[in-house]
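Residue-level structural notes
These are the residues of each chain, in order.
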Amino acid sequence: MNNLLKLEYRKLKKQKSFYICGGIMLTLLVLSALVTRLLLGFAASLSEDLSALAITGADFLLDTLNSCSFVLIISIFTALTVCGDFEQQTIKNIYAKGYSREQVYLAKLTAVWGSSSVLFLATEAVSLVLGILFFGTQGLGDLKLPGLIAAQYAAVMAETALFFAVSAILRRTGAAIAVVVIGPMLIDTGFAVMDVLLETDFAVGDIWISSFLSDLSDLTVSPGRIAACLACSAFYMAAFLLIGFLFQRKTEL
């Protein structure tokens, strides 16, 4: 298993998509900071009251994943990473060396989660620096902030688990990218329609992972909602990975 993990990480080091995706994320993050600062400066020249437009370093940090389109980019990266061996038929050579499907599945999952974690930490670190430089340190000392970042990480890993499962099932890069990009949008639309039709106080979409990052990007979110997002993220991670494993196990090479 260790040799298999080394193989996966060695391939990642040579994989251009990892560096390209990371570069795009950081570029979007820098552009977001610059544009936001310019807009605030322009608004300041037109109005004296900017209380409604005030953005703190903490606000920018919490909005990191939205600013750099993290989920969208990581979905494409996951599809490229998982489907590569299947499309190139190199997966047969791996199985021929005596590795089981379970080992290959877990090794690829570990590699995807590991690389996603690196990108997460990189974007958060750069965002922290940009937030301090452009928007100050206000809110960064809030005791709720570390918990929100941790909950955001759990939500991102849950979404990555979904993308991984879809890619492991489809095994074709084009199809996987189409599903992981368009699928969540359709699911969000479906939940929105259900909420309108049901007309209840409880929003069905609140228990779906795509709603978590939005709620976790606000310092005023309640501790109960943070705990619910963490619990649901853990459930989705386990469910998606189990479904992906069961489906790909029955699929022919």
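Note that the coordinates shown come from a computational prediction; the quantities given were computed from them, not determined experimentally.

About the thresholds
- Residues numbered from 1 in each chain as written.
- Predicted model: local features only at pLDDT ≥ 70, side-chain atom pairs only at ≥ 80, totals over all residues.
- Heavy atoms only, no water.
- Helix = DSSP H or I, 4+ residues; strand = E, 2+ residues; numbered from the N terminus.
- Contact = heavy atoms within 4.5 Å.
- Core = buried A, V, L, I, M, F, W, Y, C linked by side-chain atoms within 4.5 Å.
- Buried < 20%, exposed > 50% of the residue type's maximum accessible area, 1.4 Å probe, protein only.
- Expected span 1.5 Å × (residues − 1).
- Arc of directions from axis to C-beta.
- Bend = angle between axes of the 7 residues up to and from the residue.
- Axes fitted to C-alpha atoms, helices over the stretch in contact; angles between N-to-C directions.
- Parallel < 35°, antiparallel > 145°, perpendicular 65-115°, else oblique.
- Left-handed = near helix turned anticlockwise from the far one by under 90°.
- Nonpolar A, V, L, I, M, F, W, Y, C, P; charged D, E, K, R; others polar.
- Patch = residues over 30% accessible without salt bridge, like charges linked within 9 Å, V, L, I, M, F, W, Y side chains within 5 Å.
- Areas by Shrake-Rupley, 256 points an atom, 1.4 Å probe, with all protein chains shown as cover.
- Salt bridge = Lys/Arg side-chain N within 4 Å of Asp/Glu carboxyl O.

Comments concerning the side chain of Lys108
Topologically, Lys108 is positioned in helix 7 (residues 101-135). When near neighbours in sequence (up to four residues on either side) are disregarded, Lys108 contacts Glu8, Lys11, Thr81, Val82, Asp85, Phe86, Ile91 and Phe164.

Focus: the nonpolar core
Counting 58 residues, the largest nonpolar core has Phe70, Ile209 and Phe240 as the members making the most contacts within it. Where this core is concerned, the elements lending two or more residues are helix 2 (16-46), helix 3 (57-62), helix 5 (70-87), helix 7, helix 8 (145-170), helix 9 (173-198), helix 10 (212-215) and helix 11 (223-250). Of the residues forming this core, the biggest block, 15 residues, is contributed by helix 8. With residues near it in sequence (within four places) discarded, Phe70 still touches Met25, Leu65, Ser116, Leu119, Phe120, Thr123 and Val156. Counting residues in each nonpolar core, the second largest holds eight residues, with Phe86, Ile91, Tyr95 and Ala107 among its members.

Here's the deal with helix 1 (residues 2-14)
In this model helix 1 runs 19 Å from its N-terminal to its C-terminal C-alpha over 13 residues, within 8% of the 18 Å that 1.5 Å per residue would give. The set of residues buried in helix 1 consists of Leu4, Glu8 and Leu12. Down the axis of helix 1, the sector holding all buried residues measures 80°, keeping them to one side. Exposed residues on helix 1 whose side chains face more than 90 degrees from its buried face are Asn2, Asn3, Lys6, Lys13 and Lys14.

A short note on helix 9
In this model, helix 9 (26 residues) spans 37 Å end to end at C-alpha, consistent with the 38 Å of a helix rising 1.5 Å per residue. The sharpest bend along helix 9 reaches about 30° and sits at Ile182, with the proline Pro184 one to four residues further on. Along helix 9, the residues classified as buried are Thr173, Ala176, Val180, Pro184 and Phe191. Of the surrounding elements, those touching the buried residues of helix 9 are helix 5 and helix 8. Positioned one or two residues after helix 9, Glu199 has a phi angle of 50°, which is positive.

A few points about the packing of helix 1 against helix 7
Two measures define how a pair of helices packs: the angle their axes make with one another and the distance between the axes. Their axes nearest at 9 Å, the elements helix 1 and helix 7 cross at an angle of 40°. When the axis of helix 1 is compared with that of helix 7, the two are oblique. For the pair helix 1 and helix 7, the sense of crossing is right-handed. Facing Leu4, Leu5, Glu8, Tyr9, Lys11 and Leu12 of helix 1, the residues of helix 7 in contact are Gln103, Val104, Ala107, Lys108, Thr110, Ala111, Gly114 and Ser115. Looking at side-chain class alone, the contact of helix 1 with helix 7 contains seven nonpolar, four polar and three charged residues.

Topic: the side chain of Ser117
Examined against the element boundaries, Ser117 turns out to sit in helix 7. Every residue in contact with Ser117, bar those within four places of it in the chain, is listed here: Tyr153 and Met157.

Digging into the packing of helix 8 against helix 9
Where helix 8 meets helix 9, the axes come as close as 9 Å, and the angle between the chain directions of the two elements is 145°. In this structure, helix 8 meets helix 9 at a crossing whose hand is right-handed. Mapping the contact onto sequence places Phe163, Val166, Ser167 and Leu170 in helix 8 and Ala175, Ala176, Val179, Val180 and Pro184 in helix 9. Of the residues contributing to the contact of helix 8 with helix 9, the split by class is eight nonpolar, one polar and no charged.

What to know about a nonpolar patch on the surface
A cluster of nonpolar side chains, namely Val30, Leu31 and Leu34, defines an oily patch on the protein surface of about 220 Å² accessible area. One can find Leu31 in helix 2. By relative accessible area, which is 46% here, Leu31 ends up partly exposed.

Considerations on the environment of Tyr19
Its location among the elements puts Tyr19 in helix 2. The residues contacting Tyr19, other than those within four sequence positions of it, are Leu12 and Lys13.

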